[in-house]
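So you can see what is in the structure, the chains are spelled out below.
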Amino acid sequence: MFGIEDYDLLQGINQPVLTWYAPEGRSEFLGPQLAQWIAKTANCLADITGEDNETSLFIALPSSWRTLVWWAAATMCGFTPSIGSSVSNRSGVNPHTSNSSGAHSPTPNSTSAHSPAAQADSARSEDAYQYALPQTIKDADVVVTSSAWQAQLITEQAPATMVLLQALGPLDWSWPGTLPEGSEDAIALVSSQPDALITAMAGLAEIHVDKTFDRNSPLKPAFLDPEDPNWFSTCTRAWRNHTRPIWVSPGTDLARAAKQEGLQPPLHQHYLKP
């Protein structure tokens, strides 16, 4: 879990706390930057749920730094989010492996799967009624997804569910395309929130962090294991242990990333333990 003390910890580390290698390139986040995204997302969750942490939340996103932010904000506010799922047709075959949600999957969605053209083609070409939603998604009050096609299914098969479409591109400041009817732009909702943490829900998760943490000394870099199903929790433990998690997306040059981060072979010694 991620608690208010973890948030305070990130706020005070004015150096990189997360490095993300994706097909689009390398992204790096200072502690205050990541804390700000978590605060804005927590404020957003408080608004859309009426500060009711009994609201069921499903984070149907692939491995992404935005997935980490949603999970951290949710657990800090006392929610118990479900993470990861897939949508299959009634014969059990996944129609869009690249567009199915799966934060527990080691392979994140490809860049092309999130392009406006791919999203539009997917939404146009599929008959939503041919496919079945998992019951866990149908039962959710709020679903965050990066798939317009999945959002369409949810709004048609579970119309009472609030659907937030989350763009995952590093330069995205809104959903890159037409929003399916009944869904909302996650980035727009989050971005409209204050930078500071204002919701009283943030103190609901009781997590204790070592107060002797030296916030001025450099964090030790270490790779996240793409096979780790709880990589987001591993990030939290890493920060508490003065370590900067590094995610290298499958298909990205690991050796090149290691060289850029100053990590020497053998590379297996530089992985965080799940």
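Summary of the structure given here.

Criteria and cut-off values
- Residues numbered from 1 in each chain as written.
- Predicted model: local features only at pLDDT ≥ 70, side-chain atom pairs only at ≥ 80, totals over all residues.
- Heavy atoms only, no water.
- Pairing = 2+ DSSP bridges.
- Helix = DSSP H or I, 4+ residues; strand = E, 2+ residues; numbered from the N terminus.
- Contact = heavy atoms within 4.5 Å.
- Axes fitted to C-alpha atoms, helices over the stretch in contact; angles between N-to-C directions.
- 1 Å grid on protein atoms, 1.4 Å probe; cavity = no way out; pocket = protein on both sides within 12 Å on 5 of 7 lines; lining within 4 Å.
- Points joined across faces, edges and corners; volume = space filled by probe spheres on them.
- Nonpolar A, V, L, I, M, F, W, Y, C, P; charged D, E, K, R; others polar.
- Phe/Tyr/Trp six-rings, centres within 6.5 Å; stacked < 30°, edge-to-face > 60°.
- Buried < 20%, exposed > 50% of the residue type's maximum accessible area, 1.4 Å probe, protein only.
- Lys NZ or Arg CZ within 6 Å of the ring centre and 35° of its normal.
- Parallel < 35°, antiparallel > 145°, perpendicular 65-115°, else oblique.
- Left-handed = near helix turned anticlockwise from the far one by under 90°.

The sheet built from five strands is open, its strands ordered S4-S3-S7-S8-S9 with parallel pairing. The two strands at the open ends of the sheet, each matched to only one other strand, are strand S4 (82–83) and strand S9 (183–185). Examined bridge by bridge, strand S3 (residues 57–60) and S4 share two bridges and lie parallel to one another. Paired with Ile 59 across the bridge in S4 is Ile 83. Helix-sheet contacts for helix H6 (residues 148–157) involve S3, strand S7 (142–145), strand S8 (162–165) and S9, and the interaxial angle to S8 is about 170°.

Overall, the coordinates contain one cavity of 30 Å³ or more when judged by the stated rule. The space that makes up the largest cavity amounts to roughly 60 Å³. Along the walls of the largest cavity sit Trp 37, Thr 41, Trp 65, Arg 66, Val 69, Trp 70, Gln 166, Ile 187 and Val 190, which together make up its complete lining. Mapped onto the lining of the largest cavity, the elements with two or more residues apiece are helix H2 (31–49), helix H3 (65–76) and helix H7 (186–191). Considering every element that reaches the lining of the largest cavity, the biggest residue donor is H3, with four residues. Taken together, the residues that form the lining of the largest cavity break down as six nonpolar, two polar and one charged.

With that settled, the discussion passes to the packing of aromatic side chains. Counted under the stated rule, the structure contains ten aromatic pairs. Between the aromatic rings of Trp 20 and Trp 247, the centroid separation amounts to 5.2 Å while the plane-to-plane angle is 10°, which identifies the pairing as stacked. Taken together, the positions of Trp 20 in strand S1 (residues 16–22) and Trp 247 in strand S11 (residues 243–248) put the pair 227 residues apart, joining distant regions of the chain. One exposure class covers both Trp 20 and Trp 247, and it is buried. A centroid spacing of 5.2 Å and a plane angle of 45° characterise the contact between Trp 71 and Phe 232, whose relative ring orientation is tilted. On the criterion of sequence distance, the pair formed by Trp 71 in helix H3 and Phe 232 in helix H8 (residues 231–240) is long-range, its members being 161 residues apart. Cluster of aromatic residues (ring-pair linked, three or more members): Trp 20, Trp 71, Trp 231, Phe 232 and Trp 247. The ring of Trp 37 is capped by Arg 66, whose NZ or CZ atom sits 5.4 Å from the centre of that ring.

Another aspect to go through is the packing of H2 against H3. With their axes 8 Å apart at the nearest point, H2 and H3 run at an angle of 60° to one another. When the axes of H2 and H3 are compared, the pair comes out oblique. The handedness of the crossing between H2 and H3 is right-handed. Where H2 approaches H3, its residues Leu 34, Trp 37, Ile 38, Thr 41, Ala 42 and Leu 45 are matched on the opposing element by Trp 65, Arg 66, Val 69, Trp 70, Ala 72, Ala 73, Ala 74 and Met 76. Class assignment of the residues belonging to the contact of H2 with H3 gives a composition of twelve nonpolar, one polar and one charged.

Cis geometry is adopted by the peptide bond preceding Pro 266, which originates at Pro 265 and carries an omega value of 0°. Looking at the secondary structure, you find Pro 266 in the segment after helix H9 (254–260). A positive phi angle, near 55°, is found at Glu 51, a position not held by glycine. As for its placement among the helices and strands, Glu 51 is situated in the loop between H2 and S3. One non-glycine residue, His 242, adopts positive backbone phi at about 60°. On the secondary structure map, His 242 appears in the loop between H8 and S11. For His 242, a relative accessible area of 18% puts it in the buried group.

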